[in-house]
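Structure assessment
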Amino acid sequence: MDTYESIATKLDVREFSSRPVPAEIKRKVLEAARLTQSGNNLQHWRFILVEGKENLKRLAGDSTSGRWVAGADFAVIVLTNPKYPFHLLDAGRATQDMQLAAWNYGVASGVYTGIDRRALARDFGIPEELNPSAVVAFGYPVKKIIGKKNRKPLSELAFQDKYGKKLAI
Ligand SMILES: Cc1cc2nc3c(=O)[nH]c(=O)nc-3n(C[C@H](O)[C@H](O)[C@H](O)COP(=O)(O)O)c2cc1C
């Protein structure tokens, strides 16, 4: 799949099939995170791969807006260090790269940020200095995904040379 097509067709999914995702694809997803650029190339992020029904259920229990992660094949907890002011940008980039890498293999994903931080830190042994910035859930989709996005038109979002000036292209 070419990169633009991948971006244009990828939708966030919260329901997953029980078909297992092969370990090679999981590894590619984590490699995509590792290969992502970070501010000053600090690579302060850490990633926890969560697999297995029990662990995914625990992860769901530690969430306020992503309980659907219980039905995923696997999930990745994205940890970044808040002492760097750009840490959420770094987290977002790694998250997106993992999602696009997975989608390239037909594996769907969804992200959530509503996290009970204390419970998550307790259950997954997360060190104090790291912030759980996002959780990404992965799995094969239950139905064919039609890449129809609910997005604002470009004319509302992008300008030419100066804020508010109509695009010339
Ligand atoms: C920074 C960020 C935080 C998000 N947090 C949540 C969340 O807590 N729970 C959830 O179900 N979805 C969450 N989402 C998913 C968005 O709601 C979803 O990407 C958006 O609705 C667009 O989905 P679409 O690409 O399928 O159109 C989050 C997405 C982003 C980028």
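Up top is the structure.
No experiment lies behind these values; they were computed from the predicted model shown.

Definitions and cut-offs
Residues numbered from 1 in each chain as written. Predicted model: local features only at pLDDT ≥ 70, side-chain atom pairs only at ≥ 80, totals over all residues. Helix = DSSP H or I, 4+ residues; strand = E, 2+ residues; numbered from the N terminus. Rg over C-alpha atoms; globule rule 2.2 N^0.38 Å. Buried ≥ 20, exposed ≤ 12 C-beta atoms within 10 Å, placed from the backbone. Contact = placed C-beta atoms within 7 Å. Near = placed C-beta within 6 Å. Nonpolar A, V, L, I, M, F, W, Y, C, P; charged D, E, K, R; others polar. Pairing = 2+ DSSP bridges. Axes fitted to C-alpha atoms, helices over the stretch in contact; angles between N-to-C directions. Left-handed = near helix turned anticlockwise from the far one by under 90°.

Regarding the overall build of the protein
When helices and strands are counted, the protein shows six helices and four strands. Element order for the protein, N to C, with α for helix and β for strand: α-α-β-α-β-α-β-α-β-α. Since a compact globule built from 169 residues should have a radius of gyration of about 15 Å, the 17 Å found for the protein is in line with a globular shape. Overall, the protein is about 55 × 40 × 30 Å in size when its C-alpha atoms are taken along their principal axes. Counting over 169 residues, the protein shows a buried share of 28%. Within the protein, counting contacts between residues at least 6 apart in sequence, those at least 24 apart form 77% of the total.

Some details on the site of the ligand
With respect to spatial proximity, the complete set of residues near the ligand consists of Leu 11, Asp 12, Arg 14, Ser 65, Gly 66, Val 111, Tyr 112, Thr 113, Gly 114, Lys 149 and Asn 150. Its residues assigned to classes, the shell around the ligand shows three nonpolar, five polar and three charged.

Observations regarding the environment of Ala 134
As for its position among the elements, Ala 134 is in strand S4 (residues 131-139). Residue Ala 134 is classed as buried on the basis of its 22 C-beta neighbours within 10 Å. Not counting the four nearest positions on each side in its chain, Ala 134 is found in contact with Val 78, Ala 91, Thr 95, Val 111 and Thr 113.

Side note on the sheet that holds strand S1 (residues 46-51)
Taken in spatial order, the four strands make up an open sheet running S1-S2-S4-S3, and their pairing is antiparallel. What marks the edges here is a single partner per strand, and that holds for S1 and strand S3 (108-112). Geometrically, the sheet is characterised by an average inter-axis angle of 20 degrees between neighbouring strands, direction not taken into account.

Section: the packing of helix H2 (residues 23-35) against helix H4 (residues 87-104)
Following both chains from N to C, one finds H2 and H4 inclined at 150 degrees, their axes separated by 8 Å at the closest point. Relative to H4, the crossing made by H2 is right-handed. Within the contact between the two elements, H2 uses Ile 25, Lys 28, Val 29, Ala 32 and Ala 33 and H4 uses Ala 94, Asp 97, Met 98, Ala 101 and Ala 102. Counted by class, the contact of H2 with H4 contains eight nonpolar, no polar and two charged residues.

Quick word on the environment of Ala 70
Among the secondary structure elements, Ala 70 is positioned in the loop between helix H3 (53-61) and strand S2 (74-80). Judged by C-beta crowding, with 17 C-beta atoms within 10 Å, Ala 70 ranks as partly exposed. For the pair Ala 70 and Lys 57, spaced 13 residues apart in sequence, the C-alpha separation works out to 4.8 Å. Setting aside residues no more than four positions away along its own chain, Ala 70 makes contact with Leu 56, Lys 57 and Ala 60.

Focus: the environment of Leu 157
Mapped onto the fold, Leu 157 is located in helix H6 (residues 154-157). You can call Leu 157 exposed: it has 9 C-beta atoms within 10 Å. Distance in space between the C-alpha atoms of Leu 157 and Ala 33 is 28 Å, their sequence separation being 124 residues.

Some remarks on the pairing of S3
Regular strands show a simple pattern: their side chains alternate between the two faces of the sheet. Along S3, four of the five residues are buried, which leaves the element largely enclosed by surrounding structure. Relative to S4, S3 runs antiparallel, the two sharing five bridges. Bridging from a neighbouring strand, Ser 109 pairs with Phe 138 of S4.

With respect to the pairing of S4
With eight of its nine residues buried, S4 lies for the most part within the structure. As judged from the seven bridges shared by S2 and S4, these two strands associate in the antiparallel manner. By the bridge assignment, Val 76 is partnered in S4 with Val 136.

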